[in-house]
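A closer look at the structure
Spelled out from the first residue to the last, the chains are:
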Amino acid sequence: ANGATNGTAAQADYSANHAAPTSSYEAAAYLQVNLLSGARGMFQMTRICMGPLMVAMASEYGYTNEEKGHILSAFAAGYALTQIVGGLAADSLGGAPVISCGLLTSALALFLLPAAADAGLPQVWWLLWAMGFTQGPTYPAQLVTTAKWATGSLRSYASALGAAGSTAGALFAMGLTPVITARLGWRSCAAAMGATTLLFGVVWQAFGRSLPAAAAAHGGASAASTRHSSGASTPAEGPGGGGGAPGCAEPAPAAPKRDLRRLLSRASLLFKTPILAVFAAHSVHNFVRYFSVGWMPTFYNEILHASPDQAAINLMIPDILGLAMSFVSAHVGRALQQSGRLSALGVRRVFASISFLGSAVGMVGTAYSTSIWQVTGWQCVVHGLATLQGLGFGANYLDVSKHNGGMVTGVGNTVATLASFASPVFASWVLSGGGGGGVAASAREVGIEEWQRLFIAFAASNLIGAGLFVPLCSVTPVDLHEAPSKAKFE
């Protein structure tokens, strides 16, 4: 019941109260985990489709490398501003409405993209900034909601499945965007992506729930089981729930919300070593990922001279492998943990190590490849192994905080989004002659040497990520002994 010394209070609570969970609760939990994976895929699709779209837009409007870099960084500039607020909102209001808002606004932004492009470069930048601003709260909302639905080894599975959803969204964007654009034009492609996002938004609105108690209100699981599975009970509650309403934890007396001491205490958690390690790993992952998805379509087009169909196939293959790796790793990671072959900490370290080191090797291989298929083969290594971070730092977000997950996730994704913003800007700087490139190069003059410098730089960043995360990560919540938040859903 108290379980405060072993760092696995949520899992102990689930095991004690759900030795034989009802099939209705299991079905509800797996439904939400899959819906959350789908939502993550939709958000990735709306963001990543800009990389392939940029090839056609640059051709039509004559964007330079610097202008392309600024456009590709606009989303991250808005996205970074709403992470912390989004995490706090998800902690208190629940994640479902936050995710619904993000799906709707992302769809609208894609519908408006052609009009903004015709109006001018500033209008495109601000539209993508606004899409990032409204989509920003959704990542912490997804992780907070996952933490409320999934416990024990299901957390590793849910996190890996979320990575699979992200990869599926990237696959959809990178594979279909060039094909649709070549046949129907980039404007129709943007509208198709927007319509797909809006359709999923309808599904989410109908079936998505913030936490098990919300599902119970709609007939998903018994009230007693949802109370425990949502993590709402506290050590002070006995089996009777403290005399509160059936299926609900009795709210403790609320502390003053503006208590400076409590605010400083919560903020100090962000400087704990395990949390800083997660932030560092996430930042490195984003730095590499958003170079790859943003600039590889340009590399295939300008350096490898691939046709739109060739580019589509070769951009899809790495993400197909990544998607397969996501599903396989979800089951392998959970099996290793359930069987006792690896502890939760062991799972985080092993999969993060393989991901970082393997991605570094893949980037170096890409740098010295001379054919389309060689590049694609090495990118398969990069993308396939990058998805293993669903069991690395991605799952570690669910471990490091018991009562302040939304805040930690919000701040972490804000820090990582700064890396997402820097990535395309850094790439455009190197391609334009920075970083030892000598005289500034125009888009037509950029050669393989500039690209090789880019690939080596991003390979080195993976090594830095491994060195910071693997030895410093932990699965013990840094706020394990802290009293639970008095927020609505805590």
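What you are looking at is a predicted structure, and each value in this text was computed from that prediction instead of being measured. (Residues numbered from 1 in each chain as written. Predicted model: local features only at pLDDT ≥ 70, side-chain atom pairs only at ≥ 80, totals over all residues. Heavy atoms only, no water.)

A few words now on the overall build of the protein. Summing up its helical and strand segments, the protein has 20 helices and zero strands in all. In the protein, which comprises 490 residues, the share counted as buried stands at 57%. For the protein, the proportion of contacts with a sequence separation of at least 24, taken over those separated by at least 6, is 84%. Carbon together with sulfur atoms contributes 67% to the accessible area of the protein, which is approximately 19100 Å² in total. (Helix = DSSP H or I, 4+ residues; strand = E, 2+ residues; numbered from the N terminus. Buried < 20%, exposed > 50% of the residue type's maximum accessible area, 1.4 Å probe, protein only. Contact = heavy atoms within 4.5 Å. Areas by Shrake-Rupley, 256 points an atom, 1.4 Å probe, with all protein chains shown as cover.)

At a minimum axis distance of 7 Å, the contact between helix α14 (residues 273-302) and helix α19 (residues 405-431) shows a crossing angle of 40°. Here α19 runs oblique to α14, going by the angle between their axes. Considering how the two elements wind past one another, α14 and α19 form a crossing that is right-handed. Residues that form the contact of α14 with α19 fall into these classes: 16 nonpolar, nine polar and no charged. (Axes fitted to C-alpha atoms, helices over the stretch in contact; angles between N-to-C directions. Parallel < 35°, antiparallel > 145°, perpendicular 65-115°, else oblique. Left-handed = near helix turned anticlockwise from the far one by under 90°. Nonpolar A, V, L, I, M, F, W, Y, C, P; charged D, E, K, R; others polar.)

A few words on the pattern of salt bridges. Within this structure, the stated rule accounts for five salt bridges. A salt bridge links Arg-183 to Asp-309; the shortest N-O distance between them is 2.9 Å. Taken together, the residues Arg-183 in helix α9 (residues 153-184) and Asp-309 in helix α15 (residues 308-339) connect sequence positions 126 residues apart. Arg-348 serves as the salt-bridge partner of Asp-399, at 2.7 Å between the closest nitrogen and oxygen. Here Asp-399, found in helix α18 (residues 393-399), pairs with Arg-348, found in helix α16 (residues 344-367); they are 51 residues apart in sequence, far enough to count as distant. Taken together, the shared-partner salt bridges in this structure form one network comprising Glu-60, Asp-118 and Arg-187. (Salt bridge = Lys/Arg side-chain N within 4 Å of Asp/Glu carboxyl O.)

In this section: a nonpolar patch on the surface. A contiguous nonpolar surface patch, about 430 Å² in accessible area, is contributed by Leu-104, Leu-108, Phe-111, Leu-112 and Leu-198. Considering each element in turn, the nonpolar patch owes the most residues, four residues, to helix α6 (residues 96-119). Following the sequence through the fold, Leu-198 ends up in helix α10 (residues 186-207). (Patch = residues over 30% accessible without salt bridge, like charges linked within 9 Å, V, L, I, M, F, W, Y side chains within 5 Å.)

Take the packing of aromatic side chains next. Applying the stated rule across the entire model yields 17 aromatic pairs. With centroids separated by 5.7 Å and ring planes inclined at 25°, the aromatic side chains of Tyr-61 and Tyr-63 adopt a geometry described as stacked. Taking the relative accessible area as the measure of exposure, Tyr-61 reaches 25% and is therefore partly exposed. Among the residues examined, Tyr-63 registers a relative accessible area of 9% and is labelled buried. Here the aromatic rings of Trp-129 and Phe-133 are separated by 5.2 Å at their centres, their planes lie at 20°, and the arrangement is stacked. Residue Trp-129 and its partner Phe-133 are located together in helix α7 (residues 121-135), separated by four residues, close to a single helical turn. (Phe/Tyr/Trp six-rings, centres within 6.5 Å; stacked < 30°, edge-to-face > 60°.)

This part covers the packing of helix α3 (residues 50-61) against helix α4 (residues 65-79). Look at α3 against α4: their axes get within 11 Å of each other, and the N-to-C directions meet at 145°. Between α3 and α4 lies a crossing whose hand is right-handed. Here Met-50, Gly-51, Met-54 and Ala-58 of α3 come into contact with α4, specifically with Lys-68, Ile-71 and Leu-72. Residue composition of the contact of α3 with α4, grouped by class: five nonpolar, one polar and one charged.

Moving on to α3. Within α3, burial applies to Met-50, Gly-51, Pro-52, Leu-53, Met-54, Met-57 and Ala-58. A positive phi of about 70° marks Gly-62, the residue just after α3.

Relative to the assigned elements, Val-400 resides in the loop between α18 and α19. The exposure class of Val-400 is buried, given its relative accessible area of 1%. A sequence separation of 79 residues divides Val-400 from Asp-479, and the C-alpha atoms of the two residues are 8.0 Å apart. Here Val-400 is in contact with Pro-274, Ile-275, Val-278, Val-408, Ser-474, Thr-476, Pro-477, Val-478 and Asp-479, once residues within four sequence places are set aside.

Turning to the state of the cysteines, a few remarks are in order. Under the definition given, this model contains zero disulfides. The thiol of Cys-49 is not disulfide-bonded; the next cysteine sulfur, from Cys-189, is found 6.6 Å away. (Disulfide = S-S within 2.5 Å.)

As for its position among the elements, Ala-191 is in helix α10. Each C-alpha atom of the pair Ala-191 and Leu-113 lies 8.6 Å from the other, and the pair is 78 residues apart in sequence.

Quick look at the side chain of Thr-366 now. Looking at the secondary structure, you find Thr-366 in helix α16. Reaching out from Thr-366, the side chain makes a polar contact with the backbone oxygen of Gly-362 at a distance of 2.8 Å. Not counting residues within four places of it along the chain, the set of residues in contact with Thr-366 comprises Val-375, Trp-378, Gln-379 and Phe-455. (Polar contact = N/O pair within 3.5 Å; in protein donor to acceptor, adjacent residues only side chain to side chain.)

Turning our eyes to something else, we now look at the side chain of Ser-369. Turning to its location among the elements, Ser-369 is positioned in the loop between α16 and α17 (372-386). Side-chain polar atoms of Ser-369 contact the backbone oxygen of Gly-365, separated by 2.7 Å.

In this section: α10. Its 22 residues give α10 an end-to-end C-alpha distance of 32 Å, which sits within 8% of 32 Å, the value for a rise of 1.5 Å per residue. Taken together, the buried positions of α10 are Trp-186, Cys-189, Ala-190, Met-193, Gly-194, Thr-197, Phe-200, Gly-201 and Trp-204. On an axial view of α10, the arc spanned by its buried residues comes to 135°, and they lie on one face. When the buried face of α10 is taken as reference, the exposed residues oriented beyond 90 degrees from it are Leu-199 and Val-202. (Expected span 1.5 Å × (residues − 1). Arc of directions from axis to C-beta.)

Low pLDDT means the predicted atomic positions in that stretch should not be read closely. Here the protein shows a mean pLDDT of 79. Residues at 70 or above account for 79%. Scored below 50 in pLDDT, residues 214-257 makes 60 contacts in the model with residues more than four places away or belonging to other chains. Taken together, the stretch residues 437-444 has pLDDT below 50 and engages in 14 contacts with residues farther than four places along the chain or on a different chain. (pLDDT = per-residue confidence, 0-100.)

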